[in-house]
Amino acid sequence: IHIPKVKRRLEGKDLEKEFNAASDFVQACTLSVPDGLYLRFYGLHKIATEGPCTAPPPFPHKLKPHNEWNAWNNLGDMSPEEAMNEYIAAARELFPSWAQAYYTRMKDEETSASATGSKGPGPASKTNELELGEIHVSAREGEIEDLKKHMEAGVAVNTRG
């Protein structure tokens with residue numbers, strides 16, 4: 001499966017769909033996101049979902065909220081669409097396995113819809129299921145709660161089977 005680079009900016013429903021999938025995945029994986037990138041994801045997510053920062057800064061002695069506010073505020077007047085595209089690009093770079101699973105699922109849904117002549121998602125492909133670990137299947141299917149449980153149990157994400 002080819003993972004598109006961000007040469008072409010996503011728009012409309014495609015943008016929202018991929019942003020929501022990336023956001024769900026990143027939020028489920030916050031333990032494996034380095035602090036600096038966490039703040040970048042936070043700021044981009046706030047812009048994408050609420051627009052530019054208009055909130056007053058929190059008290060400086062509250063370090064985490066203050067750092068999060070700075071991450072959001074420092075993005076200035078970035079548009080929600082630009083923030084979504086940057087969020088997706090960062091998720092693709094940090095979690096290439098998520099991007100691979102996402103595009104595999106999208107291709108499976110398109111193939112299923114065109115084969116049945118129906119609109120919308122079809123049944124998930126089981127082609128490589130025997131080669132994938134349970135954590136990978138959970139990621140591919142977007143099962144965030146199962147994914148969290150696997151990660152909390154210390155399941156290795158970079159091995160198969």
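Residues numbered from 1 in each chain as written. Predicted model: local features only at pLDDT ≥ 70, side-chain atom pairs only at ≥ 80, totals over all residues. Heavy atoms only, no water.

If you look the protein chain up in an unreviewed UniProt entry, it shows as ACB domain-containing protein from Aegilops tauschii subsp. strangulata. Annotation of the protein chain in UniProt includes, under Sequence similarities (unreviewed entry), the sentence "Belongs to the ACBP family." (UniProt positions renumbered as here; feature names shortened; annotations may be inferred.)

A. Focus on the overall build of the protein chain. Helix and strand counts for the protein chain come out as 7 helices and 0 strands. Shown N-terminal to C-terminal, the secondary structure of the protein chain runs as helices and strands in the order α-α-α-α-α-α-α. Within the protein chain, the fraction of its 161 residues that count as buried is 36%. Within the protein chain, counting contacts between residues at least 6 apart in sequence, those at least 24 apart form 67% of the total. Of the roughly 10100 Å² of accessible surface on the protein chain, 53% is carried by carbon and sulfur atoms. (Helix = DSSP H or I, 4+ residues; strand = E, 2+ residues; numbered from the N terminus. Buried < 20%, exposed > 50% of the residue type's maximum accessible area, 1.4 Å probe, protein only. Contact = heavy atoms within 4.5 Å. Areas by Shrake-Rupley, 256 points an atom, 1.4 Å probe, with all protein chains shown as cover.)

B. Summary view of the environment of Gly12. With respect to the helices and strands, Gly12 occurs in helix H1 (residues 12–28). Gly12 gets classed as partly exposed once you look at its relative accessible area, which sits at 45%.

C. Here's a closer look at the side chain of Glu18. With respect to the helices and strands, Glu18 occurs in helix H1. Within the local environment of Glu18, its side chain forms a polar contact with the side chain of Arg92, the two groups lying 2.9 Å apart. (Polar contact = N/O pair within 3.5 Å; in protein donor to acceptor, adjacent residues only side chain to side chain.)

D. Up close: the packing of aromatic side chains. This structure, assessed with the given rule, holds 4 aromatic pairs. Measuring from centroid to centroid gives 5.2 Å for Phe25 and Phe95, while their planes differ by 75°, and the two rings are edge-to-face. A residue pair is termed long-range when its members are at least 10 positions apart, and Phe25 in helix H1 and Phe95 in the loop between helix H4 (80–94) and helix H5 (96–116) qualify at 70 residues. Overall, Phe25 belongs to the buried group, its relative accessible area being 8%. When its relative accessible area of 10% is taken as the criterion, Phe95 is described as buried. Geometrically, the ring pair formed by Phe41 and Tyr87 is edge-to-face, given 4.8 Å between the ring centres and 65° between the ring planes. Taken together, the residues Phe41 in helix H2 (residues 35–50) and Tyr87 in helix H4 connect sequence positions 46 residues apart. (Phe/Tyr/Trp six-rings, centres within 6.5 Å; stacked < 30°, edge-to-face > 60°.)

E. Layout of H2. Its 16 residues give H2 an end-to-end C-alpha distance of 22 Å, which sits within 8% of 22 Å, the value for a rise of 1.5 Å per residue. Next to the buried residues of H2 lie H1, helix H3 (63–73) and H4. Just downstream of H2 lies Gly51, where phi reads positive at about 90°. (Expected span 1.5 Å × (residues − 1).)

F. View of the pattern of salt bridges. Counted according to the given criterion, the structure contains 3 salt bridges. Here Arg92 makes a salt bridge to Glu18, at a shortest N to O gap of 2.9 Å. With Arg92 in helix H4 and Glu18 in helix H1, this residue pair connects regions lying 74 residues apart in the sequence. The class of Glu18 is buried, set by a relative accessible area of 3%. (Salt bridge = Lys/Arg side-chain N within 4 Å of Asp/Glu carboxyl O.)

G. Just the nonpolar core, in detail. Membership of the largest hydrophobic core comes to 32 residues, with the highest contact counts inside it found for Phe25, Val26, Tyr87, Phe95 and Trp98. Elements with a minimum of two residues in this core: H1, H2, H3, H4, H5, helix H6 (134–141) and helix H7 (144–152). When residues in this core are grouped by element, the largest group, 7 residues, is from H1. Residue contacts for Phe95: discarding those within four places in its chain leaves Phe25, Val26, Cys29, Ser32 and Val33. (Core = buried A, V, L, I, M, F, W, Y, C linked by side-chain atoms within 4.5 Å.)

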